[in-house]
Amino acid sequence: HSQAPEISMQQPDGKVLKLSSLRGSLVLVDFWATWCSPCIEEQPALKALYDKHSSEVKEGKFQILGVSLDNKKENWEKGIKTLQITWPQVSDLRFWKSQAAKDYGIEGLPFNVVVDAAGKIIAINLHGKALEDFINDHLSK
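Analysis parameters
Residues numbered from 1 in each chain as written. Predicted model: local features only at pLDDT ≥ 70, side-chain atom pairs only at ≥ 80, totals over all residues. Heavy atoms only, no water. Disulfide = S-S within 2.5 Å. Buried < 20%, exposed > 50% of the residue type's maximum accessible area, 1.4 Å probe, protein only. Core = buried A, V, L, I, M, F, W, Y, C linked by side-chain atoms within 4.5 Å. Helix = DSSP H or I, 4+ residues; strand = E, 2+ residues; numbered from the N terminus. Contact = heavy atoms within 4.5 Å. Expected span 1.5 Å × (residues − 1). Bend = angle between axes of the 7 residues up to and from the residue. Phe/Tyr/Trp six-rings, centres within 6.5 Å; stacked < 30°, edge-to-face > 60°.

Peer 1: Lay out the state of the cysteines in plain terms, naming residues and giving numbers.
Peer 2: Inspection of every chain in the model, using the stated rule, returns one disulfide. A disulfide bridge connects C36 with C39, and the sulfur atoms are separated by 2.2 Å. In this structure, the disulfide formed by C36 and C39 twists by about 80 degrees around the S-S bond and is classed as right-handed. Taking relative accessible area as the criterion, C36 reaches 5% and is therefore assigned buried. Its relative accessible area of 0% is what places C39 among the buried residues.

Here's what the structure looks like:
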C-alpha cells in the first residue's frame, strides 16, 4: 500500500485542513464537484455512512474528507448546504488543475480513496455497497 499524498487545502471558512491531521483515523477521501451529477447522487449514501458511524467519528476512528474540484466558491458552498454535508470539506477551487487531482491521478469523478490510520491508501474507487461493506468491515475490527 502506498502512502497517501498530502492534501492541504482551505475549508469554506478559509482555514487550511491537511489530510495528515486526520492520521489515526480511517479516512474516506471523497473527490467530488457540484457539476458532477453522479457525485451529487452519491452524497446521500455517504451521509448515511457518516451518520451510521457517528460514534466512530466522535472517537476519532473514522472521518470523511470531501475534496471538491469545483472552481466557483459559491457553487461549492451552496452544494455543501443543499446536500447537508456535515463532514470536513476542502478545495483549492482549481477545477482539474487541483493539486490533489494531479497527486491522485484523477481522470474522472466521482473518485475516492480509503486511507488507513497510518496514512496508507488501502482502497481506491469503491462505491455503493462495496464501499459501505469495506468501511463497516474495517471499523468492526
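Peer 1: Just give me the short version of the nonpolar core, but keep the residues and values in it.
Peer 2: I7, F31, F62 and Y104 are the most contacted members of the largest nonpolar core, which has 46 residues in total. Secondary-structure elements contributing two or more residues to this core are strand 3 (26-32), helix 1 (37-52), strand 4 (62-68), helix 3 (73-82), helix 4 (99-103), strand 6 (111-115), strand 7 (121-124) and helix 5 (128-139). With six residues, strand 3 is the largest single contributor of residues to this core. Leave out the neighbours within four places in its chain, and F31 touches I7, C39, V67, A100, Y104, I106, L109, P110, F111, N112 and V113.

Peer 1: Which residues make up helix 1, and what are the values?
Peer 2: With 16 residues, helix 1 ought to run about 22 Å at 1.5 Å a step, and its terminal C-alpha atoms sit 24 Å apart, in line with that. Along its length, helix 1 shows its largest kink, about 30 degrees, at Q43, and proline P44 lies within four residues downstream of that point. Restricting attention to buried positions, one finds in helix 1 the residues C39, E42, Q43, L46, K47, L49 and Y50.

Peer 1: If you had to explain the packing of aromatic side chains to someone new, which residues and values would you point to?
Peer 2: Applying the stated criterion across every chain, the model contains six aromatic pairs. Through a chain of ring-to-ring contacts, three or more aromatic side chains come together here, namely F31, Y104 and F111.

The values reported here are purely geometric and, on their own, carry no functional implication.
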